[in-house]
Amino acid sequence: MKQTVAPIERVNDFVVKFANVNGSGSASANLLFAKSILRMGIPVAPRNIFPSNIQGLPTWFEVRVNENGWRGRRGGVDLMVAMNPQTWEQDVKEIEPGGYLFYDSTKPLPAAKFRDDITIIGMPLTGICNREYTDARQRQLFKNIIYVGALSALLEIEPEAIAELIGELYKGKEALLKPNVQAMRMGRTYAQNELDWPLGIRVKRANAVGEKIFIEGNSAAALGCVYGGATVAAWYPITPSSSLAEAFARHCRRFRTDPATGKARYAIVQAEDELASIGIVIGATWNGARAFTCTSGPGISLMQEFIGLAYFAEIPAVLFDIQRGSPSTGMPTRTQQADLLSCAYASHGDTKHVLIFPQDPKEAFEFAALSFDLADRLQTPIFVMMDLDIGMQDWLCEPLAWDDSRKLDRGKVMSYEDLEAGKDFGRYLDVDGDGIAYRTYPGTHPNRGSYFTRGSTKDRYARYTEDGATYVDNMQRLQRKFETAKQYLPTPVRKDAAQKTRCGAIYFGSTAPAMEEALAALAGQGIHLDTLRIRAFPFHDEIADFIADHEQVYVVEQNRDAQMRMLLVNELAVDAAKLIPVLHYDGTPITARFILREVGEKLAMFNVTPLRKVAP
């Protein structure tokens, strides 16, 4: 078949996508491929897109290679490694014109299965494995390593980088180390002897990684919990949050174990369900510990009653919501930003909760530590709003940093000395006008500072009452506290365009990397947008000012119902017509090309042309 389009030629700037079957062991090999390029000083952004079953269904692993350091998905595929006959048609269709298709050619395929505008690279992987290995499982596992070896030749990846990674993975396990290195070299040798190499897309050693680290968001958040003083975690397993609890356990074994006695100075409880989990957290924090739970949307739904209790009784609690495809069971292993409303107004009645939105693992670490200070300072539940894309994917980000002089902020806590001196203690008494009352820890004083409270109405001294005026007084104080929260929360990040513009864009969380790349591409087309990245709810006044400054504001989010836009309209009383939704919700991380296309189309729809500088 004669190729009708010239092959793509790019160095250190392309997308490779692996199409495999879940349970085949391919994810480890594909991550090995990504890390080997990273070891050559070239930034990579891998995304594992996998199904919720154990094995058998299609899975994809996408690796963005980009020396400029773009961390989001670009959209489109330059090289497809097609290892799954089930998804062949879809996978071949995704390849960019001039791109490359690498496949297992053990069984011949008709010409109709291919395209004439891409380069076809066939390698008899199954045949090689059947010849070299007798065990069926070995044939499958080593097949993955063999194609990584072949790709190392085709893309000019240094084999030493792959061998080094294999050595680290199987250190002390010679029985596994040597066969894996041998399989890698077998694939590389075949490609060098039998295939045309290198391809038009290839890598060249660079120095573009610097001091950046490669880390999963859930692990970074768990470490933030340790640094934030957490000693108690209660959880019920649910994808994609389970790895956060597991990472916290690993970090605690290292950092929260008494070196002299070997005694664990932490408690991690796998409860019977999510409602029990948040109940344990509330009990622990009421006693003065710093505690958290991690879950996803369905877990938040089950926790509603206890979340309302913590809000109304004013008990600190931290909840990590690693958002996933919804509603109901939805797509448990896909990403979304679709729990904003269910968390902002969790429980029944008039409740409002603090939400914080990290954009990557570095902020996940920082915001995790901050969340415990916020919970204690505000005496209320704090939601750290992550998602599967941040939580379960490896990200290249700036090193995690910590100020050793930083002290834990326990908020307004009345001490034994305060009580002994006769200070007036009312558990719900606002003495400073900020809506936040003083609290005591159990057992602070033998006969002062104690109180009894529950989810029922009460007065300023925690005495049960159903008096309407007293109830209103308490609810207004809670609203004052919600306003006070703004001064402690991460401020929005505003970036003004290179030239004056009438249009702006608002975004948050894991949308940030793709958004930043899309903005650069729009600017290259002469389309300039001022931007604001929201990092917390309740919203700072700066957000309302940003909207007022522009005729149109594109609100980019990963859900169907424009939940951030709803919050903005509801809380800021802004003109809804100004806020133009840009919505992506198919379960895969949003791409720069999607944002570029959607914003471009909407600008054209509203007949908006960019403002240009006029010569003086």
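Residues numbered from 1 in each chain as written. Predicted model: local features only at pLDDT ≥ 70, side-chain atom pairs only at ≥ 80, totals over all residues. Heavy atoms only, no water.

So what exactly am I meant to see when it comes to the overall build of the protein here?
Along its length, the protein carries 20 helices and 22 strands. When its C-alpha atoms are laid out on the principal axes, the protein stretches across 90 × 75 × 40 Å. Looking at the protein as a whole, 56% of its 616 residues are labelled buried. A sequence separation of at least 24 residues applies to 76% of the contacts in the protein between residues at least 6 apart. In the protein, 69 positive and 74 negative side-chain charges are present, and the distance between their average locations comes to 3 Å. (Helix = DSSP H or I, 4+ residues; strand = E, 2+ residues; numbered from the N terminus. Buried < 20%, exposed > 50% of the residue type's maximum accessible area, 1.4 Å probe, protein only. Contact = heavy atoms within 4.5 Å. Lys, Arg positive; Asp, Glu negative; His and termini not counted. Charge placed at Lys NZ, Arg CZ, Asp CG, Glu CD.)

Quick question: what am I supposed to make of the domain arrangement of the protein here?
Frequently, the measure chosen for interface size is the accessible area removed from exposure when the parts meet. Per the domain assignment, the segments of the protein are domain 1 (10–202), domain 2 (215–397), domain 3 (416–488) and domain 4 (493–606). Here domain 1 and domain 2 have C-alpha centroids that lie 35 Å from each other. Each side of the interface is counted separately: domain 1 has 13 residues, and domain 2 has 12 residues. Here domain 1 is connected to domain 2 by 2 salt bridges. Between D389 and R47 there is a salt bridge; the shortest N-O distance is 2.8 Å. Among the secondary structure elements, those contributing two or more residues to the side of domain 1 that touches domain 2 are α1 (26–39) and β3 (44–49). Sorting elements by how many residues they give to the side of domain 1 that touches domain 2 places β3 first, with 5 residues. Its residues assigned to classes, the side of domain 1 that touches domain 2 comprises 9 nonpolar, 2 polar and 2 charged. (Domains from an automatic or database assignment. Salt bridge = Lys/Arg side-chain N within 4 Å of Asp/Glu carboxyl O. Nonpolar A, V, L, I, M, F, W, Y, C, P; charged D, E, K, R; others polar.)

How should the sheet that holds strand β11 (residues 267–270) be read in this particular structure?
What links the strands of a sheet is backbone hydrogen bonding, and the strands pair in either a parallel or an antiparallel sense. Taking strand neighbours across the sheet as the criterion, the 7 strands line up as β11-β10-β12-β13-β15-β14-β20 in an open arrangement whose pairing is mixed. Edge positions in the sheet fall to β11 and β20 (536–537), since each has one partner strand and no second. Examined bridge by bridge, strand β13 (residues 317–323) and strand β15 (residues 381–387) share 7 bridges and lie parallel to one another. Directly across from L319, in β15, lies its bridge partner F383. Contacts from helix α9 (residues 274–286) reach β10 (232–235), β11, β12 (291–295) and β13 within the one sheet, and its direction differs from that of β12 by about 165 degrees. (Pairing = 2+ DSSP bridges. Axes fitted to C-alpha atoms, helices over the stretch in contact; angles between N-to-C directions.)

Can you help me understand the packing of aromatic side chains in this one?
Remark: the centre distance and the inter-plane angle together describe each pair of aromatic rings, the angle taken between the planes. Using the criterion set out here, one finds 16 aromatic pairs in the structure. Three or more aromatic residues joined by ring pairs form one cluster here, namely F248, F292, F320 and F372. R47 extends its terminal NZ or CZ atom over the ring of W395, reaching a point 4.9 Å from the ring centre. Above the ring of Y464, the side-chain terminus of R454 is found at 5.1 Å from the ring centroid. (Phe/Tyr/Trp six-rings, centres within 6.5 Å; stacked < 30°, edge-to-face > 60°. Lys NZ or Arg CZ within 6 Å of the ring centre and 35° of its normal.)

Help me out: how do you make sense of helix α20 (residues 592–605) in this one?
One turn of an α-helix holds 3.6 residues; hence residues three or four places apart share an orientation. End to end, α20 covers 20 Å across 14 residues, agreeing with the expected 20 Å (1.5 Å per residue, within 8%). Those residues of α20 that are buried lie in contact with β18 (503–508), α17 (512–524), β21 (552–557) and β22 (579–583). (Expected span 1.5 Å × (residues − 1).)

I'm lost on α1 in this one. Help?
In this model α1 runs 20 Å from its N-terminal to its C-terminal C-alpha over 14 residues, within 8% of the 20 Å that 1.5 Å per residue would give. Along α1, the positions that sit buried rather than exposed are S26, A29, N30, L32, F33, A34, S36, I37 and L38. G41 sits one or two positions beyond α1 and adopts a positive phi of about 80 degrees.

So what exactly am I meant to see when it comes to the packing of α17 against α20 here?
To describe two helices that pack against each other, one gives the angle between their axes and the distance between the axes. At a closest axis distance of 8 Å, the pairing of α17 and α20 adopts a crossing angle of 50 degrees. Here α17 lies oblique to α20, going by the angle between them. In terms of crossing hand, the pair formed by α17 and α20 is right-handed. For the pair α17 and α20, contact is made by A514, M515, E517, A518, A521 and L522 and by A592, I595, L596 and V599, respectively. Split into classes, the residues belonging to the contact of α17 with α20 amount to 9 nonpolar, no polar and 1 charged. (Parallel < 35°, antiparallel > 145°, perpendicular 65-115°, else oblique. Left-handed = near helix turned anticlockwise from the far one by under 90°.)

Quick question: what am I supposed to make of the sheet that holds strand β19 (residues 530–534) here?
Spatial strand order, β17-β19-β18-β21-β22: 5 strands in an open sheet with mixed pairing. Among the strands making up the open sheet, the edge pair consists of β17 (493–495) and β22. Between one strand and the next, the sheet's axes are offset by a mean angle of 20 degrees, whatever the strand orientation. With 4 bridges joining them, β18 and β21 adopt parallel strand pairing. Note that in β21 the partner of G504 across the bridge is V553. On top of the sheet, helix α19 (residues 563–572) reaches β18, β19, β21 and β22; it is set at about 135 degrees to β21, its chief contact.

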